[in-house]
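Residue-level listing of the chains:
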Amino acid sequence: MKVDGKHFRSVWRERDGWSVGAIDQRRLPHEFVVARLTSCEDAAVAIRDMLVRGAPLIGATAAYGMALAMREDASDAGLKRAYETLIVARPTAINLKWALNEMRAALAPVEPLERAEAAYARADEIAEQDVEINRGIASNGLALIEAIAAKKPGETVNLLTHCNAGWLATVDWGTATAPIYLAHERGIKIHVWVDETRPRNQGASLTAWELGHHGVPHTVIPDNTGGHLMQHGMVDLAIVGTDRVAANGDVCNKIGTYLKALAAHDNNVPFYVALPSPTIDFAVSDGIRDIPIEQRSGTEVTDMTGLTAGGRLETVRIVPEGSPVANYAFDVTPARLVTGLITERGVLKPDRASLAAAFPERIAAAAE
Ligand SMILES: CSC[C@H]1O[C@H](OP(=O)(O)O)[C@H](O)[C@@H]1O
């Protein structure tokens, strides 16, 4: 999407034809820094350390990581080592495993000498496929926003989103933000309540930054504000992203999503989840029981980094020395709290039958 009027994606193959460019999302919103990944290990570290983050973007970066690996060692052992290096980078987003399985399926049958070229071609396809999928999510989600706008002509449609499921979480367009960008481009009056999303503040640092650069009206709010806004009729629609959808429609997403869904349910606010089909995991029948929840470093909770009045980036500690912290990065929202799943093939009910009917190919993939 646009950064100071210039189009960017979040990850791309560089002009040299082999290295990989990526926006370093740890530096946003105060600095716009582009990283250059030149090895499989670079890609794994970029995912692990959240230089890139967001389920679809994790998948696309891992795909390019496999291509970088094939430049280094295209043997069967090298292919296996690359898969094993990347698969452990982060545990929750199923898109990582999906992309690596796609790359392995494309590369295993190919002669080692041809694997690097084949890997870049497949990684490019995965990136382009993500953009096309997100365009589909945009148009399917737009209908939901248009329906609300029609009921309140001339008024603003107020949306709420949690974390960052924007173009920075994907190759481009985003998932939860895709319908928002399209509605804005179509001239629908919208406003977005942006959950700051502690502790990594993906909402305050990334979603607000994205929306601001695209001219979408928004307000950053503390995570605990959404329920109050819903009680007072200030939220027409909640749209969030997801890192894994179980076969029963349970939705794993950034920590705090479940609480937002509870507030939405209690206030009859429609709660939608936007996802590309690679995020569906039919191997998991019960999301709350079976989806692995990443626990990250406690320093993400104890420390905060920001800009001083003098314009310097500094990190400060906000928790007493010696106080233990817990940092669960995701939670699972039960399907009963989800109004619908916005996918590239339509808006679905959050249940096995609807997911299987729309995406039968994901059932076969789950057996891999
Ligand atoms: C479109 S997937 C976005 C999804 O990923 C984020 O997690 P993280 O920033 O830790 O990678 C968050 O759960 C978003 O909803």
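Residues numbered from 1 in each chain as written. Predicted model: local features only at pLDDT ≥ 70, side-chain atom pairs only at ≥ 80, totals over all residues. Heavy atoms only, no water.

The following threshold applies: UniProt positions are given in the numbering used here, feature names are shortened, and annotations may be inferred rather than shown by experiment.
The name an unreviewed UniProt entry assigns to the protein is Methylthioribose-1-phosphate isomerase, from the organism Bradyrhizobium hipponense. UniProt's Function (unreviewed entry) comment on the protein is quoted here verbatim: "Catalyzes the interconversion of methylthioribose-1-phosphate (MTR-1-P) into methylthioribulose-1-phosphate (MTRu-1-P)." For the record of the protein, the UniProt heading Catalytic activity (unreviewed entry) holds the text "5-(methylsulfanyl)-alpha-D-ribose 1-phosphate = 5-(methylsulfanyl)-D-ribulose 1-phosphate".

**Examining the nonpolar core**
Just so we agree on the cut-off: For the purposes of this section, nonpolar cores are sets of buried Ala, Val, Leu, Ile, Met, Phe, Trp, Tyr and Cys residues that join through side-chain atoms within 4.5 Å. Exposure is judged per residue with a 1.4 Å probe applied to protein chains only, and the accessible area is read against the type maximum: over 50% gives exposed, under 20% gives buried, and values in between give partly exposed. Secondary structure counts use DSSP, requiring at least four H or I residues in a row for a helix and at least two E residues in a row for a strand, with both numbered from the N terminus. Reported domain spans reflect what an automatic or database domain assignment gives. Working rule for contacts: check all heavy atoms of both residues, and any pair within 4.5 Å makes them a contact.
The biggest cluster of nonpolar side chains holds 83 residues, and the ones touching the most others in it are Leu159, Trp167 and Ile190. In terms of residues, this core owes the most to one element, helix H5 (residues 112-151), which gives 14 residues. Residue contributions to this core reach at least three from each of two domains, namely domain 1 (2-129) and domain 2 (136-367). The contacts of Ile190, once residues within four sequence positions are left out, are Ile145, Thr156, Val157, Leu159, Ile180, Ala183, His184, Val216 and Pro217. Residues Leu229, Ala238, Val240 and Leu341 belong to the second largest nonpolar core, which totals 27 residues.

**Some points on the site of the ligand**
For clarity, the threshold we go by: Here a residue is considered near a molecule or strand provided that any single heavy atom belonging to it is located within 4 Å of it. Polar contact criterion, stated in full: a pair of N or O atoms within 3.5 Å, where within protein one must be able to donate a hydrogen and the other to accept it, and residues adjacent in sequence count only if both atoms are side-chain atoms. Every accessible area reported is derived by Shrake-Rupley at a probe size of 1.4 Å, with residue values counting cover from the shown protein chains alone. Think of a 1 Å grid over just the protein atoms. A cavity is a set of points where a 1.4 Å probe fits yet cannot get out, a pocket is an open set with protein on both sides within 12 Å along at least five of seven lines, and lining residues have an atom within 4 Å of a point. Put plainly, a molecule is in a cavity or pocket when over half of its atoms are within 2 Å of the grid points there. Just so you know the grouping, Ala, Val, Leu, Ile, Met, Phe, Trp, Tyr, Cys and Pro go in nonpolar, Asp, Glu, Lys and Arg go in charged, and all remaining residues, Gly too, go in polar.
With respect to spatial proximity, 18 residues lie near the ligand, and among them Gly54, Arg90, Asp243, Asn253 and Lys254 are the closest. Between Gln202 and the ligand, the recorded distance is 3.0 Å, taken from a side-chain N or O atom to an oxygen atom. Here an oxygen atom of the ligand sits 2.7 Å away from a polar atom, N or O, in the side chain of Lys254. For the ligand, the protein covers 100% of the area, taking 410 Å² as the surface of the free molecule. Cavity membership is defined here by more than half of the atoms lying within 2 Å of grid points; on that basis the ligand lies in the largest cavity. Every element with two or more residues in the shell around the ligand is listed here: helix H2 (55-72) and strand E11 (251-254). Taken together, the residues of the shell around the ligand break down into 7 nonpolar, 7 polar and 4 charged.

**Some thoughts on the domain arrangement of the protein**
Buried accessible area, meaning the area lost when the parts come together, often serves as the stated size of an interface. For clarity, the threshold we go by: By buried area we mean how much accessible surface two parts lose on assembly, using a 1.4 Å probe and totalling the loss over both. A pair is scored as a salt bridge if a Lys or Arg side-chain nitrogen falls within 4 Å of a carboxyl oxygen belonging to Asp or Glu.
The domain boundaries assigned to the protein delineate domain 1 (2-129) and domain 2 (136-367). Each of domain 1 and domain 2 has a C-alpha centre, and the two are 24 Å apart. Taken together, the contact between domain 1 and domain 2 spans 33 residues of the former and 37 residues of the latter. Surface buried jointly by domain 1 and domain 2 totals about 2900 Å² across both partners, of which 58% is contributed by carbon and sulfur atoms. When residues of domain 1 are sorted by the area they lose upon contact with domain 2, Arg53, Thr92 and Ile94 head the list and together hold 22% of the total. Where domain 1 packs against domain 2, one counts 1 salt bridge. Between Arg90 and Glu294 there is a salt bridge, with its nearest N and O atoms 2.8 Å apart.

**A short note on a nonpolar patch on the surface**
Heads up, the condition is: Only residues whose relative accessible area exceeds 30% and that take part in no salt bridge are eligible for patches, with like-charged residues grouped when within 9 Å of each other and nonpolar side chains (Val, Leu, Ile, Met, Phe, Trp, Tyr) grouped when within 5 Å.
Together, Met304, Val316 and Ile318 give the surface a local cluster of nonpolar side chains, amounting to about 230 Å² of exposed area. In this structure, Val316 sits in strand E15 (residues 313-317).

**Topic: the UniProt feature "binding site: substrate" (unreviewed entry) in the protein**
The UniProt record annotates "binding site: substrate" (unreviewed entry) at Arg53, Gly54, Ala55, Arg90, Gln202, Asn253 and Lys254. From this annotated list, the subset lining the largest cavity comprises Arg53, Gly54, Ala55, Arg90, Gln202, Asn253 and Lys254. Along the polypeptide, Ala55 turns up in helix H2. For Asn253, a relative accessible area of 5% corresponds to the buried category. For Asn253, the side chain forms a polar contact with the main-chain oxygen of Gly241, separated by 3.3 Å.

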